[in-house]
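As a plain string of letters, each chain reads:
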Amino acid sequence: MPRVGAPVVQTRDLTVQYPRVRALDALSVGVPAGVTGIVGVNGAGKSTLIKVLLGLLAPTAGEARVLDMDTRTHGAAIRAVVGYMPEHDALPPDVSAAEFVLHMAQVSGLPRTDARERTADVLRHVGLAEERHRPIGGYSTGMRQRVKLAQAIVHDPRLVLLDEPTNGLDPRSRDDMLDLISRIGHDFGISVIVTSHLLGELERTADHVVVIDSGRLLRASATTDLTQTTGTVLVEVLGPSGSDRRVGQALLDRGIQAAPDGDRIRVRIDDPRALDVVRDVVTDLGLGLVRVQEIHHTLEEVFEATGGAR
Ligand SMILES: Nc1ncnc2c1ncn2[C@@H]1O[C@H](COP(=O)(O)OP(=O)(O)OP(=O)(O)O)[C@@H](O)[C@H]1O
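Quick notes on the rules
- Residues numbered from 1 in each chain as written.
- Predicted model: local features only at pLDDT ≥ 70, side-chain atom pairs only at ≥ 80, totals over all residues.
- Heavy atoms only, no water.
- Helix = DSSP H or I, 4+ residues; strand = E, 2+ residues; numbered from the N terminus.
- Buried < 20%, exposed > 50% of the residue type's maximum accessible area, 1.4 Å probe, protein only.
- Contact = heavy atoms within 4.5 Å.
- Near = heavy atom within 4 Å.
- Polar contact = N/O pair within 3.5 Å; in protein donor to acceptor, adjacent residues only side chain to side chain.
- Areas by Shrake-Rupley, 256 points an atom, 1.4 Å probe, with all protein chains shown as cover.
- Nonpolar A, V, L, I, M, F, W, Y, C, P; charged D, E, K, R; others polar.
- Pairing = 2+ DSSP bridges.
- Expected span 1.5 Å × (residues − 1).
- Arc of directions from axis to C-beta.

J.: When you look at the overall build of the chain in this model, what are you seeing that I'm missing?
T.: Looking only at helices and strands, the chain features 11 helices and 14 strands. With the C-alpha coordinates aligned to their principal axes, the bounding extent of the chain is approximately 70 × 45 × 35 Å. Counting only residues that meet the buried cut, the chain has 45% of its 310 residues in that class. Pairs at least 24 apart in sequence give 69% of the contacts found in the chain among residues at least 6 apart.

Structure, rendered in structure tokens:
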């Protein structure tokens, strides 16, 4: 049993050398419990890392531990408590989601009655309750992704590894999938490691982000640390037309940087007292203060600024 607060995954100098490519290059990273995004361009080494974590691929050098178990020696024990959603699917077209997920539950070792119960539960959680008896061959890409997700969590794993679960999805299905991943991580108490080649999409979902590039660690931190405030706020006021310009001018007169942004005012807050000045100015002008919204960096901006991958 791992210690409370212990990382769910820990790698040390993890290296995987294929004949022509070094897919992972001395990667040392700890992944805490919660939802963690592993981000990197295609070929960065994400799928290779997942194969190592499942104990399916032995490292060339270094080590990886999952739930405090060595992937070289404890592959089977790791796979018993870890779920896996592969990037590509090989789902049987003539079988229904209910039959397929039930089969996978039994393969994971659940007795038939428990397997039936869990199958019904997870298919409901992923939103496939109604279609569960239809053959998978007639499913949309989004539904197929949800079948893969259901089989990954049916045995109630402690950790689930999701390889590019949003690949091939339209924006709406992608948002649905990200919401589902967030629920699995935050409501069901299953730690999630989810890979993506898009930084932006994990911003809402992941508590932590690990960025890899050419098999090396570029950055690992809490998402909120990465997207820390920009020191700028957007101010929205209520009043006759032109009120925003009057507020902007009054702030400039008081030595505070302000510029129009649509019908709002973008204000630089170098000192917390500047917020009091914003309130005073709006009141002095007899206007209403509707909203002061902090602007955070997006993950994309952070990595563009640091010259990292996106
Ligand atoms: N079985 C293999 N044999 C040889 N080279 C491989 C093998 N699997 C992956 N590679 C190479 O290792 C590098 C990392 O691949 P990997 O699939 O881990 O990256 P990825 O970040 O998951 O990318 P993608 O999202 O495209 O799958 C790539 O250059 C890839 O071509």
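J.: Could you clarify how one ought to interpret the site of the ligand in this entry?
T.: Surrounding the ligand, one finds 13 residues, the nearest of these being Gly43, Gly45, Lys46, Ser47 and Thr48. Side-chain polar atom of Glu87 to an oxygen atom of the ligand: 3.4 Å apart, as the coordinates give it. Within the side chain of Glu164, one N or O atom sits 3.4 Å away from an oxygen atom of the ligand. Here the ligand has 620 Å² of accessible area as a free molecule, and 63% of this is covered by the chains. Among the elements that make up the shell around the ligand, the one with the highest residue count is helix H1 (residues 46-53) (three residues). Considered class by class, the residues forming the shell around the ligand number five nonpolar, five polar and three charged.

J.: So what exactly am I meant to see when it comes to the sheet that holds strand S4 (residues 61-66) here?
T.: The strands making up a sheet associate through hydrogen bonds between their backbones, and the pairing can be parallel or antiparallel. Reading across from one edge, S2-S1-S4-S5 is the order of the four strands in this open sheet, with antiparallel pairing throughout. Strand pairing shows two members of the sheet lacking a second neighbour, strand S2 (22-31) and strand S5 (69-70), which therefore form its edges. Examined bridge by bridge, S4 and S5 share two bridges and lie antiparallel to one another. Paired with Arg65 across the two strands is Asp70, which belongs to S5.

J.: Help me understand helix H10 (residues 273-284) in this model?
T.: Residues three or four positions apart in an α-helix share a direction because the helix packs 3.6 residues into each turn. Helix length check: H10, at 12 residues, gives a terminal C-alpha distance of 16 Å against a target of 16 Å (1.5 Å per residue), a fit within 8%. Turning to H10, its buried residues number three or more, namely Ala274, Val277, Val278, Val281 and Val282. Buried residues of H10, viewed axially, fall in a sector of 130°; they line one side. Residues of H10 that are exposed and point more than 90 degrees away from the buried face comprise Arg273, Thr283 and Asp284. Following H10 by one or two positions, Gly286 has its phi on the positive side, about 70°.

That's the geometry; what it means functionally is another story.
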